Amino acid sequence: MYTYPEAENWANLQRCTGHQIAQISGCFTLLHPAHIELFEETRKQIVSFISNSSKLKVVVTINCDLIIKALKSNIHIPFPAKDRIYMLESLRTVDKAFIFYEPDPGIIAQAIMPNFYIKGYDWAGKHLPELDNISPKPQVIIVETAKHYSSSFIIHSLTESNF
């Protein structure tokens, strides 16, 4: 089992300075407009829960390359995890990004202990086992995006078209 002292230390520093943390987890193999909208909508929705929007930190946790290959064996990963981290942290809507090394983000979520746990529309009504061992439980927010893209579909389409 991996531990995440860097993520835990970052999160503790944010809490000590009065910030609340929203965590978004996923593969993010290929950033697309729906991801950008997810990050923007996350900030907009959480502002309604907290009094000071400058006190919100958004952290994105991404699957490592080996886990993605195990979960989605038929997919080519166009960018390695370190490059995906670089791209995510370059966005104005993302404050920090970390890689996790298990099939689900439960252990890194335990290290971060977010106030809010964000999932896309496709997770509405579904059980989130990664939150089972977190106490106190973060508030789960399902973010609906107008754009419905799929990284896997885009990558598959590009691979099939010999782009």
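Up top is the structure these notes are about.
This section reports on the structure supplied with the text. (Residues numbered from 1 in each chain as written. Predicted model: local features only at pLDDT ≥ 70, side-chain atom pairs only at ≥ 80, totals over all residues. Heavy atoms only, no water.)

The next thing to look at is the overall build of the protein chain. The secondary structure content of the protein chain amounts to six helices and five strands. For the protein chain, the succession of helices and strands along the chain, N to C, is α-β-α-β-α-α-β-α-β-β-α. In the protein chain, buried positions account for 43% of the 163 residues. By sequence separation, contacts in the protein chain at least 24 residues apart represent 72% of the contacts at least 6 residues apart. Accessible surface for the protein chain amounts to roughly 8,800 Å². Of this, 55% is attributable to carbon and sulfur atoms. (Helix = DSSP H or I, 4+ residues; strand = E, 2+ residues; numbered from the N terminus. Buried < 20%, exposed > 50% of the residue type's maximum accessible area, 1.4 Å probe, protein only. Contact = heavy atoms within 4.5 Å. Areas by Shrake-Rupley, 256 points an atom, 1.4 Å probe, with all protein chains shown as cover.)

Side chains of Y121, W123, V140 and I142 sit close together on the surface and give an oily, nonpolar patch of about 310 Å² of accessible area. Position of I142 among the secondary structure elements: in strand 5 (residues 139-143). You can call I142 partly exposed: its relative accessible area is 32%. (Patch = residues over 30% accessible without salt bridge, like charges linked within 9 Å, V, L, I, M, F, W, Y side chains within 5 Å. Salt bridge = Lys/Arg side-chain N within 4 Å of Asp/Glu carboxyl O.)

Here the focus is the pattern of salt bridges. If you walk through the whole model with that rule in mind, you get seven salt bridges. In this structure, R43 and D95 form a salt bridge, with 2.5 Å as the shortest nitrogen-oxygen distance. Of this pair, R43 sits in helix 2 (residues 33-47) while D95 sits in the loop between helix 4 (81-89) and strand 3 (96-100), placing them 52 residues apart in sequence. On the basis of relative accessible area, D95 is assigned to the partly exposed category, the value being 31%. With its nearest N and O atoms 3.7 Å apart, the salt bridge here joins D83 to K82.

Turning our eyes to something else, we now look at helix 2. Under the 1.5 Å per step criterion, the end-to-end length of helix 2 is 22 Å for 15 residues, consistent within 8% with the ideal 21 Å. Taken together, the buried positions of helix 2 are occupied by A34, H35, E37, L38, F39, T42, R43 and I46. (Expected span 1.5 Å × (residues − 1).)

Take the environment of I21 next. Locating I21 in the fold gives a position in strand 1 (residues 20-26). By relative accessible area, which is 0% here, I21 ends up buried. In this structure, the C-alpha to C-alpha distance between I21 and V59, residues 38 residues apart in sequence, is 7.1 Å. Not counting chain neighbours up to four residues away, the residues in contact with I21 comprise W10, A11, Q14, R15, K57, V59, I112, P114, N115 and F116.

Attention now goes to the side chain of T61. Examined against the element boundaries, T61 turns out to sit in strand 2 (residues 56-63). Among the polar contacts made by the side chain of T61, one reaches the side chain of S25 at a distance of 2.4 Å. Residues contacting T61, with those up to four places away along its chain left out, are Q23, I24, S25, G26, F28, F98, F100, P105, I108 and I112. (Polar contact = N/O pair within 3.5 Å; in protein donor to acceptor, adjacent residues only side chain to side chain.)

This paragraph deals with helix 4. Among all positions in helix 4, only A81, R84, I85 and L88 are buried. Along the long axis of helix 4, the arc covered by the buried residues comes to 105°, so they all point the same way. Within helix 4, the exposed residues directed more than 90 degrees away from the buried face are K82 and Y86. Its buried side turned inward, helix 4 meets helix 2, strand 2, helix 3 (65-71) and strand 3. (Arc of directions from axis to C-beta.)

Attention now moves to the side chain of R43. Given the relative accessible area of 18%, R43 is considered buried. Beyond its immediate sequence surroundings of up to four residues, R43 is in contact with L56, V58, R92, T93, V94 and D95.

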